[in-house]
There are 2 protein chains.
Amino acid sequence: MRSLRNKSRRRVADLNIELTKLGFHAYLCASPSNIQYLTASSPLRRAAHAMLVTPEARPILFTSLMDSALVKNEVKDMDLEILRTSENPDESVAERLQDFPAEKIGFDELSFPRFQFFRKKLSKRKFEHRPEILSRMRQVKDEAELEILKAAAKIADAGLEAAVEAVKAGVKEYEVAAEGEYAMRKKGAEGCAFDTTVASGLRSSFPHGGCTDRRLREGDTVVIDIGARFAGYHSDLTRTVFVGKPSPRQIKVYRAVCKAQSEVLKRLFPGLKGWEVDAMARKVLSEEGFDAYFIHSLGHGVGVDVHEAPRLSARSQDVLQHGNVVTVEPGVYLPRSFGVRIEDLVAVTRSGPRLLTESQKRVY
Amino acid sequence: MRSLRNKSRRRVADLNIELTKLGFHAYLCASPSNIQYLTASSPLRRAAHAMLVTPEARPILFTSLMDSALVKNEVKDMDLEILRTSENPDESVAERLQDFPAEKIGFDELSFPRFQFFRKKLSKRKFEHRPEILSRMRQVKDEAELEILKAAAKIADAGLEAAVEAVKAGVKEYEVAAEGEYAMRKKGAEGCAFDTTVASGLRSSFPHGGCTDRRLREGDTVVIDIGARFAGYHSDLTRTVFVGKPSPRQIKVYRAVCKAQSEVLKRLFPGLKGWEVDAMARKVLSEEGFDAYFIHSLGHGVGVDVHEAPRLSARSQDVLQHGNVVTVEPGVYLPRSFGVRIEDLVAVTRSGPRLLTESQKRVY
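As the structure is a prediction and not an experimental result, all values here were calculated from the model.

Colleague: When you look at the overall build of chain A in this model, what are you seeing that I'm missing?
Modeller: Scanning chain A for helices and strands turns up 11 helices and 19 strands. Taken against the 2.2 N^0.38 rule, which gives 21 Å for 364 residues, the C-alpha radius of gyration of chain A at 23 Å falls within 12% of a compact globule. Here the C-alpha coordinates of chain A stretch approximately 70 × 40 × 40 Å along the principal axes. By residue count, 54% of the 364 residues in chain A fall in the buried class. A fraction of 63% describes how many contacts in chain A between residues 6 or more apart in sequence connect residues 24 or more apart.

Colleague: Looking at this structure, I do not really get the interface of chain A and chain B. What am I missing?
Modeller: Taken residue by residue, the interface counts 43 residues in chain A and 44 residues in chain B. Elements that contribute at least two residues to the side of chain A that touches chain B include exactly helix H3 (44-47), helix H4 (65-74), helix H6 (112-121), helix H9 (173-186) and strand S7 (191-192) of chain A. With eight residues, H9(A) is the largest single contributor of residues to the side of chain A that touches chain B. A class-by-class count of the residues in the side of chain A that touches chain B yields 20 nonpolar, 11 polar and 12 charged.

Colleague: Can you help me understand the nonpolar core in this one?
Modeller: Nonpolar side chains in soluble globular proteins tend to end up buried together. By size, the foremost hydrophobic cluster in this structure holds 212 residues, and its most contacted members are Met51(A) and Met51(B). Aside from chain neighbours lying at most four places away, what touches Met51(A) is Cys29(A), Ile35(A), Leu38(A), Pro59(A), Ile60(A) and Leu61(A).

Colleague: Sorry if this is basic, but what is going on with the sheet that holds strand S3 (residues 60-63) of chain A here?
Modeller: Within a sheet, each strand pairs with its neighbour through backbone hydrogen bonds, oriented either parallel or antiparallel. Residues and elements named next belong to chain A. Spatially, the six strands line up as an open sheet ordered S4-S3-S2-S1-S5-S6, and their pairing is mixed. Whereas interior strands pair on both sides, the edge strands pair on one side only; in this sheet they are strand S4 (79-82) and strand S6 (126-129). Between one strand axis and the next, the sheet turns by 20° as a mean value, whatever way the strands run. As defined by bridge partners, S3 adjoins S4 across four bridges and the pair is classed as parallel. For Phe62, the partnering residue across the bridge sits in S4 and is Glu81. Lying on the sheet, H4 is in contact with S3 and S4; it crosses S4 at an angle near 165°.

Colleague: In this structure, what is going on with the relation of the copies chain A and chain B? I would like to understand it.
Modeller: Each copy of the chain is related to the other by a rotation around an axis and a translation along that axis. Here chain A sits on chain B after a turn of 180° about the axis and a move of 0.0 Å along it, with an RMSD of 0.0 Å. Such a turn and shift between the copies fits a two-fold axis. Of all interface residues in chain A, 100% are interface residues in chain B too; the two copies therefore contact each other through one and the same surface.

Colleague: Looking at this structure, how should I read the sheet that holds strand S8 (residues 197-200) of chain B?
Modeller: All names here are of chain B. Ordered in space as S8-S9-S12, the three strands form an open sheet in which the pairing is antiparallel. One side of each edge strand has no neighbouring strand; the edge strands of this open sheet are S8 and strand S12 (237-242). Neighbour to neighbour, the strand axes of the sheet diverge by 15° on average, direction disregarded. Here six bridges tie strand S9 (residues 221-226) to S12, and the two strands are oriented antiparallel to one another. Residue pairing across strands places Val223 opposite Thr240, the latter belonging to S12. Across the face of the sheet, helix H9 (residues 173-186) comes into contact with S8 and S9 while running at roughly 150° to S8.

Colleague: Explanation requested: the domain arrangement of chain A in the structure shown.
Modeller: Accessible area lost when the parts come together is the quantity often used to give the size of an interface. All names here are of chain A. Domain annotation for chain A reports domain 1 (2-138) and domain 2 (143-355). Between domain 1 and domain 2, the residue contacts involve eight residues of the former and eight residues of the latter. Within the residue set of the side of domain 1 that touches domain 2, elements represented by two or more residues are helix H2 (32-39) and helix H7 (132-139). The biggest single contributor to the side of domain 1 that touches domain 2 is H2, with three residues.

Colleague: What am I meant to see in the packing of helix H10 (residues 248-266) of chain B against helix H11 (residues 274-287) of chain B here?
Modeller: Think of two packed helices as two axes; the pair is described by the angle between the axes and how far apart they sit. Residue and element names in this part refer to chain B. Interaxial distance between H10 and H11 falls to 8 Å at its minimum, and their mutual angle equals 145°. Judged by the sense of rotation from one axis to the other, the crossing of H10 with H11 is right-handed. Packed against H10, whose contacting residues are Ala256, Lys259, Ala260, Glu263 and Val264, the element H11 presents Val277, Met280, Ala281, Val284 and Leu285 at the interface. Looking at the contact of H10 with H11, its residues break down into eight nonpolar, no polar and two charged.

Colleague: Would you mind going over the environment of His300(A) with me for this structure?
Modeller: All names here are of chain A. Structurally, His300 can be placed in strand S13 (residues 299-301). The buried category is assigned to His300, around which 23 C-beta atoms lie within 10 Å. Not counting chain neighbours up to four residues away, the residues in contact with His300 comprise His307, Glu308, Arg311, Leu312, Val326 and Thr327.

Colleague: So what exactly am I meant to see when it comes to the packing of helix H8 (residues 143-166) of chain B against H9(B) here?
Modeller: All names here are of chain B. Where H8 contacts H9, the axes come no closer than 7 Å and their chain directions differ by 150°. Relative to H9, H8 is oriented roughly antiparallel. Handedness of the H8/H9 crossing: right-handed. For the pair H8 and H9, contact is made by Ile155, Ala156, Ala158, Gly159, Leu160, Ala162, Ala163, Glu165 and Ala166 and by Glu175, Val176, Ala177, Glu179, Gly180, Glu181, Tyr182, Ala183 and Met184, respectively.

Colleague: I tried to follow the pairing of S8(B) on my own but got confused; where do I start?
Modeller: Look at any regular strand and the pattern is simple: side chains alternate between the two faces of the sheet. Residues and elements named next belong to chain B. The alternating pattern of S8 places Thr197 and Ala199 and Val198 and Ser200 on opposite faces, both of which are buried. Sheet topology note: the S8/S9 ladder contains four bridges and is antiparallel. Its bridge partner being in S9, Ala199 is matched across the sheet by Val223.

Colleague: Any chance you could explain H6(A) here in plain terms?
Modeller: Since one α-helical turn is 3.6 residues long, residues separated by three or four positions face the same way. Buried within H6(A) we find Phe112(A), Arg114(A), Phe115(A) and Phe118(A). Along H6(A), the residues classed as buried sweep out an arc of 165° about the axis, all on the same side. Against the buried residues of H6(A) lie helix H5 (90-99) and S6 of chain A together with helix H6 (112-121) and strand S6 (126-129) of chain B.

Colleague: Could you clarify how one ought to interpret the confidence of the model for chain A in this entry?
Modeller: A low pLDDT means the predicted coordinates there should not be read in detail. Residues of chain A with pLDDT of at least 70 account for 99%, and the chain-wide mean is 96. In the model output, the complex is listed with pTM 0.95 alongside ipTM 0.93.

Colleague: Honestly, the environment of Thr212(B) in this entry has me stumped. Any pointers?
Modeller: All names here are of chain B. Residue position: Thr212 is located in the loop between S8 and S9. Among the residues examined, Thr212 registers 17 C-beta atoms within 10 Å and is labelled partly exposed. Sequence-distant contacts of Thr212, that is, excluding residues within four places in its chain, are made with Glu173 and Tyr174.

Colleague: Teacher, can you tell me more about the environment of Arg130(A) here?
Modeller: Residues and elements named next belong to chain A. By secondary structure assignment, the location of Arg130 is in the loop between S6 and H7. Residue classification places Arg130 among the partly exposed residues on the basis of 17 C-beta atoms within 10 Å. C-alpha of Arg130 to C-alpha of Leu38: the two residues are 92 residues apart in sequence and 16 Å apart in space.

Cut-off values and rules
Residues numbered from 1 in each chain as written. Chains lettered and ligands numbered in written order. Predicted model: local features only at pLDDT ≥ 70, side-chain atom pairs only at ≥ 80, totals over all residues. Helix = DSSP H or I, 4+ residues; strand = E, 2+ residues; numbered from the N terminus. Rg over C-alpha atoms; globule rule 2.2 N^0.38 Å. Buried ≥ 20, exposed ≤ 12 C-beta atoms within 10 Å, placed from the backbone. Contact = placed C-beta atoms within 7 Å. Nonpolar A, V, L, I, M, F, W, Y, C, P; charged D, E, K, R; others polar. Core = buried A, V, L, I, M, F, W, Y, C linked by C-beta atoms within 7 Å. Pairing = 2+ DSSP bridges. Axes fitted to C-alpha atoms, helices over the stretch in contact; angles between N-to-C directions. Least-squares fit on C-alpha atoms with pLDDT ≥ 70 in both. Domains from an automatic or database assignment. Left-handed = near helix turned anticlockwise from the far one by under 90°. Parallel < 35°, antiparallel > 145°, perpendicular 65-115°, else oblique. Arc of directions from axis to C-beta. pLDDT = per-residue confidence, 0-100.

Structure, rendered in structure tokens:
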């Protein structure tokens, strides 16, 4: 608890340094993920409406009366303000901003009507959309965050193992998901990182297949994409398995995807650009004749959000840094046939990639 | 499948009638829930980036290359447009809008930067934020939707039963959640409607307590709030139970909350305003001396979103209609002590309230 408080204090201080450098007098956090990050408290994600950070004073957390007891229980170093009305909770935020001498106010995310409301209420202030200030901070994980992410990855490993064990002809896709999710919950997951995918047969050719009540059949390819939320952080893991003995074509695609992934895992170092990493995988798949069927990007950062910076995609200029945590997930999707994806969660470090997920990959 | 297609066609037609009435030439749906509703397809919630509806032509669905196979598989009566770039998918939407003669364009929800992008790209068009056009349509459920919601409620009943069975001293909160969620998944749930709450002991006094690794103790109050997602629709159900024999004070609060709920359930008819229904519950709790501890609103509509119109809150002017589905969930939260909430999902009909959740309420 104490260390979390220190962590929150340090993050707020870092943000204030950035704000001062950039000439901002205040920063309005409306993103639950950013609020979680700055308070170092996962329940705050749900319980806080907004957070106002300024170099001049302690941060202010805005919360409903309903959630105020929980917030008080979690956060000690911040001022708490209870929302006056649930009809428009931003009334209270705007009032407090009016008391501030802040001219230039940054914000992370607002819907159009919320932005409009603030601009009207505070017509003399300048609001600037600057989400990158926090996403840059968040993409570099400290050791404590890496430990949490490792724990989340371990839970996903357990979920995947239970799901794979459930795979057999006659079982429904969602029944496979049920076993995986149950195993994760029993290991302490706060929930799923995202909707589990168990995409079988033809459906494995849909990268975001989700689950249906389709029953697995002999010969099916089954893509299982599963992840846990733990202490507010996420994991993301995919394996592809076959019901019964795979065909030569299934094996050929599977091997190509494995090879693309292992090439990247060998060479994932700080300093590389997102597009360069994406290109490594694409090159292997091209040599194998499958690059036209790799129809998504190679990976994404994972942390307080399951999709965050840095991006590993064909046009990404993000530069990998020590402390990034990313997925490496090449896939090949043969239209009207089947698909294979293999995904691991990896920490980028100076001494090379550190695999966080450890589920085995069957060798064919 | 065919009936879903008809349903989608009818909803789009209804929207177009509204648009014509209000003088809109096009409507941009960016809300995944609205896209699901208009396409009558739950997977489209995830797989479509946006949808453009106009009285002049067939609707256009925008989707990434990655998800296009899934979308083609789901939707037949609409035009499909594959996003040119994932960097800014709205480029493709704006281009298509440029071909449109539409002057006045309504939209449901856009973040500030997305709105800004469209306004700059299409500076001669008038964009209007009109979310209520669809939320009004969505709050009145047809018979098929009521059946889906009933199925989702039945799954929540099964989840609650399994969770309550797991309640005993020594068990962790998240282990109780694990059993409830597993039971729901086995019954065909697509996932949880929201983060399950298992809030025990002092934590039961937090309305949004979530789950922790706290172990239940003899004498604890345990609030269990659970819901399923099924076919893209949601359920929402809360029961409060006690570990061992409750104290006279626990029983007193429990009875007061039950009484408040049953009073409302007797008198929930079309024509009432949201605030009137909220006041019914508040009146009972005031007679029992607990109204100061009822720190949230009485209920909310449930459907494609787990929180939607109509609202049952102190200031809600929403008028109940035949076909609404709402939660009725009074609660009393005694600070630094314990809390009790009881919640059911109810369809509002001309012939009176129809309970969708059927979990029993223990009588003390």
